[in-house]
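The lines below spell out each chain.
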Amino acid sequence: MAEIQYSISELHNLFELKLRNSMFLNEKADMHEVALDTKNTILSDGNPVLNRLYKSMKMPTLLNHINIATDDTVTSKNWPAEEHSQEYDYIIDDGRIEASSNYNNRPWKKPSQPVVLSQYKQNSKLNLYQPYFKPTGRISDFAVANSISVVGLRFASKSREQTSILYSDAYGDNDMNCVTVVIDIGKGSTVDIKEVFENKDGTKIYKIVYLVRDYAELTLERQHSTTGKDTGINIIETQVIQFPGSKFKYNVSGEGTKYTQDLMYVDVYDKCTTDIKGSFDLYGENINNTVVNIHHKGVGSTSRINIKSIVDDLAHSSFAGCITVDKIAVDTDAELYNRNLLVSSRATAITEPQLDINTKEITCKHGCTVSNIDKNELYYLTSKGIETNIAEETLKQCFLMM
């Protein structure tokens, strides 16, 4: 194989070309079985890009991008970069996880520091996580099938920890990267995690699973890097499992990229709390597609979803939100809101809320809006001597903060 150029629409036909050392090829990989099952499901069911979930997501931008696979598999000698090691605790890419030198040299050592999960480290027991990586019929299936290996972190029970993770580019090539990660939050733990997704010149597909064990609390702050966003293509699917009594708080922000899908699926069991907030400021020709799906599977849980987007210039935003409440999930209290501020007549904002309620003993609200800058508010600010562009920017920031 000297060089192969391919799009993601062709990827399902290229498994046997062995473009990378994928888990489905490596019989010794911890998740070989689930990777092989996912690969076979793709071959039998067809390319996941045909899923109707993506109908409003401006797919041609993703499908027309050309990835380049070559024989050169040498990774970047400068990974992780020194500035990354100073700023982040862990750096992750396809099959790789590194604890930064800054983290390793901390003057204190706590028992709660997480265990690094990797096929190259003993006692990772990654095969125990296979049930959480079953085929979904979505693009993230390519990540599970094509990743070199799963990596991740496991936090001990009753730990207290703050940490940061950079999803970086270890390979420095023009090929597609597939990243599969599991983060296991132990029972009764309180963990704060900051995630940053670095753009590469090409496609990255992520499948990330968070397990929030019984009575644990996870606060997750996700940021999409603005560096290289005009060339970055990111498909990120996150699965969160909230065990009984757990709390999950999630904040995500960004400006979009050449193409972004950020999909969040949360399974909620008994007496859990879920709080999801998003803030996006899109301009230029950037694209951002957000999916939030909360599935209440247990009694007495509360969920709140509030996603806001400003869409300017030729930018594109789509939001698909769904709250599903099972028949058994009585006393559920759920709210779903999506608000969009359309600044340009050439920009696009699509919002699709959905409720699937299977019991009467609940409280559930939802609302979605697409609006423009209020001319009266703009006139009021300009009448006070504020320049028009500054007045518009002020109203935009007020929209995101309210």
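Preceding this section is the structure that the text describes.
1. A short note on unusual backbone geometry
So, point 1. We note that Lys158 has phi near 60°; this positive angle belongs to a residue other than glycine.
So, point 2. Locating Lys158 in the fold gives a position in the loop between strand E6 (150-155) and strand E7 (160-167).
So, point 3. What makes Lys158 exposed here is its relative accessible area of 69%.
So, point 4. Positioned with a positive phi, Lys271 is a non-glycine residue whose angle comes to about 50°.
So, point 5. You can see Lys271 is positioned in the loop between strand E14 (259-268) and strand E15 (273-282).
So, point 6. Among the residues examined, Lys271 registers a relative accessible area of 59% and is labelled exposed.

2. A closer look at the environment of Leu63
So, point 1. With respect to the element layout, Leu63 can be found in helix H2 (residues 60-63).
So, point 2. The class of Leu63 is partly exposed, set by a relative accessible area of 25%.
So, point 3. Taking the C-alpha atoms as reference points, Leu63 and Tyr6, separated by 57 residues in sequence, lie 9.8 Å from one another.

3. Here's the deal with the nonpolar core
So, point 1. Counting 50 residues, the largest nonpolar core has Tyr167, Ile183 and Ile193 as the members making the most contacts within it.
So, point 2. Sequence-distant contacts of Ile193, that is, excluding residues within four places in its chain, are made with Phe155, Thr163, Ile165, Ile183, Ile185, Tyr210, Leu218, Thr219, Leu220 and Glu221.
So, point 3. In terms of nonpolar packing, the next biggest core, distinct from the first, is built from 46 residues, Ala35, Leu62, Phe133 and Met176 among them.

4. Focus on the sheet that holds strand E9 (residues 190-197)
So, point 1. Taken in spatial order, the 10 strands line up as E4-E3-E7-E9-E11-E13-E15-E17-E19-E21 in an open sheet, and their pairing is mixed. Here the strands that pair on one side only, and so sit at the sheet edges, are strand E4 (96-99) and strand E21 (362-371). The average undirected angle you get between the axes of adjacent strands in this sheet is 10°.
So, point 2. Both strand E17 (residues 302-311) and strand E19 (residues 332-342) contribute to a ladder of 10 bridges, which runs parallel.

5. A word on the sheet that holds strand E12 (residues 232-242)
So, point 1. The sheet built from nine strands is open, its strands ordered E5-E6-E8-E10-E12-E14-E16-E18-E20 with mixed pairing. The sheet is open, and its two edges are formed by strand E5 (115-117) and strand E20 (348-357), each paired on a single side. Sheet twist, expressed as the mean angle between neighbouring strand axes with direction ignored, is 10°.

Each value, and the rule that gives it
Residues numbered from 1 in each chain as written. Predicted model: local features only at pLDDT ≥ 70, side-chain atom pairs only at ≥ 80, totals over all residues. Heavy atoms only, no water. Helix = DSSP H or I, 4+ residues; strand = E, 2+ residues; numbered from the N terminus. Buried < 20%, exposed > 50% of the residue type's maximum accessible area, 1.4 Å probe, protein only. Core = buried A, V, L, I, M, F, W, Y, C linked by side-chain atoms within 4.5 Å. Contact = heavy atoms within 4.5 Å. Pairing = 2+ DSSP bridges. Axes fitted to C-alpha atoms, helices over the stretch in contact; angles between N-to-C directions.

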